[in-house]
Amino acid sequence: MVTKAESESVGVRSVDPGTIAKPGSSQPLTPFTTRTGMTKKPVSPPPTSSPYIEVLESRIHNRGVFARTIIPAGKRIIEYVGERVTKIEGQRRAEAAIERAEEDSGKGFVYVFELNKRYDIDGDVDWNTARWINHSCEPNCEALTLNGRIWIVALTDIDPGEELSYNYGYDIAVCEDHPCRCGADGCVGFIVAAEFHDAVLEMQANRLLPAEDFLPAED
Ligand SMILES: C[S@@+](CC[C@H](N)C(=O)[O-])C[C@H]1O[C@@H](n2cnc3c(N)ncnc32)[C@H](O)[C@@H]1O
Ligand SMILES: [Zn+2]
């Protein structure tokens with residue numbers, strides 16, 4: 001289950017390309033050998049940053065990303081960077097993360113985003129500040145692929161101090177492993193793509209899935 005950002009044909013015209021974060025590298029970092037035969041470790045780029053955001057403790061989960069200033073709807077806030085991997089490797093990493101989640105419920109997170117037909121981006125790298133953004137059932141951001149890069153873009157005007165969120169887009173088949181604590185009025189209790197919200201609510205009404213009230217308290 002590789003996360004798909006909305007494609008560039010969706011919502012591109014509403015994007016304000018104004019001030020953008022300095023992008024980090026999206027190239028694979030692999031060890032290389034110098035002419036003297038010494039193997040050099042790759043140096044990680046510095047974490048990406050944006051004047052619009054800061055990473056702080058979150059009420060949703062551990063750490064999150066918060067607005068430092070007013071962010072207008074349509075603004076590209078920060079690039080979702082990482083290691084560019086082939087589709088096969090991206091799929092392998094996504095499946096490994098899902099397996100980890102199955103073994104240790106809720107502990108596996110898929111950072112792999114579909115970039116294009118040939119490559120994925122694995123955002124599980126230290127320099128990807130966007131990886132701290134939490135999921136919400138009523139998000140104020142979305143992930144968009146624009147000209148071959150993945151951006152976190154504001155869906156609404158965002159006030160200073162507001163936590164940034166996007167919908168992680170998980171499949172309904174795995175949502176039970178990922179209880180949602182976004183706190184939105186429309187929270188469906190699970191981290192799941194918006195297209196499945198109605199199905200989840202129906203399953204909850206028929207007691208086929210636990211409703212939010214029945215979810216275990218956070219440990
Ligand atoms: C990419 S990390 C986001 C950053 C995370 N808060 C942290 O500090 O590591 C994704 C993980 O954060 C947690 N998370 C994100 N959104 C959540 C939500 N709405 N409800 C519960 N947990 C959430 C889940 O454990 C998920 O696997
Ligand atoms: Zn929620």
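Residues numbered from 1 in each chain as written. Chains lettered and ligands numbered in written order. Predicted model: local features only at pLDDT ≥ 70, side-chain atom pairs only at ≥ 80, totals over all residues.

Observations concerning the nonpolar core
Judged by nonpolar contacts, the single largest core of 31 residues is most densely connected at I77, Y80, I152 and L164. Looking at this core, the element that brings in the most residues is strand 12 (residues 149-154), giving 5 residues. Sequence-distant contacts of L164, that is, excluding residues within four places in its chain, are made with I53, V65, F66, A67, I77, I133, N140, C141 and I158. C137, C182, V188 and I191 belong to the second largest nonpolar core, which has 12 residues in total. (Core = buried A, V, L, I, M, F, W, Y, C linked by C-beta atoms within 7 Å. Buried ≥ 20, exposed ≤ 12 C-beta atoms within 10 Å, placed from the backbone. Helix = DSSP H or I, 4+ residues; strand = E, 2+ residues; numbered from the N terminus. Contact = placed C-beta atoms within 7 Å.)

Quick look at the site of ligand 1
Surrounding ligand 1, one finds 17 residues, the nearest of these being N62, R63, F109, N134 and H135. Elements that contribute at least two residues to the shell around ligand 1 include exactly strand 5 (63-67) and strand 10 (134-135). Tallied by class, residues from the shell around ligand 1 come to 6 nonpolar, 8 polar and 3 charged. (Near = placed C-beta within 6 Å. Nonpolar A, V, L, I, M, F, W, Y, C, P; charged D, E, K, R; others polar.)

Brief notes about unusual backbone geometry
Phi angles above zero are rare outside glycine, and N62 is one such case at about 40°. Mapping N62 onto the fold places it in the loop between strand 4 (53-57) and strand 5. Residue N62 is classed as exposed on the basis of its 8 C-beta neighbours within 10 Å. One non-glycine residue, N147, lies in positive phi territory at about 50°.

Observations regarding the pairing of strand 12
With 5 of 6 residues buried, strand 12 lies mostly within the body of the structure. Taken together, the 3 bridges between strand 6 (residues 76-79) and strand 12 define a ladder with antiparallel strand orientation. What sits directly across from I78, in strand 12, is I152. Strand direction decides the pairing type here: strand 11 (residues 141-146) and strand 12, joined by 6 bridges, are antiparallel. The residue bridging L144 from the neighbouring strand is W151, located in strand 12. The turn linking strand 11 back onto strand 12 is made up of 2 residues, and N147 within it adopts a positive phi angle of 50°. (Pairing = 2+ DSSP bridges.)

Comments concerning the sheet that holds strand 6
Pairing is antiparallel across the open sheet formed by 3 strands, whose spatial order is 6-12-11. Two strands lie at the open edges of the sheet, namely strand 6 and strand 11, each paired on one side alone. Neighbour-to-neighbour, the strand axes of this sheet turn through a mean angle of 35°, independent of strand direction. (Axes fitted to C-alpha atoms, helices over the stretch in contact; angles between N-to-C directions.)

Quick word on the sheet that holds strand 9 (residues 119-122)
Read across the sheet, 4 strands follow the order 1-8-9-7 without closing on themselves; strand pairing throughout is mixed. Each edge of the open sheet carries a strand with a single partner, namely strand 1 (3-4) and strand 7 (83-86). As paired strands, strand 7 and strand 9 are joined by 4 bridges and run antiparallel to one another. Across the sheet, residue E83 finds its bridge partner in strand 9, namely D122. Seen against the sheet, helix 1 (residues 87-103) touches strand 7, strand 8 (112-114) and strand 9 and runs at an angle of roughly 105° to strand 7.

Digging into the confidence of the model for the protein chain
Residues with a pLDDT of 70 or more make up 79% of the protein chain, whose mean pLDDT is 82. Residue range residues 8-29 is modelled with pLDDT below 50. Its contacts to residues more than four positions away, or to other chains, number 48 contacts. (pLDDT = per-residue confidence, 0-100.)

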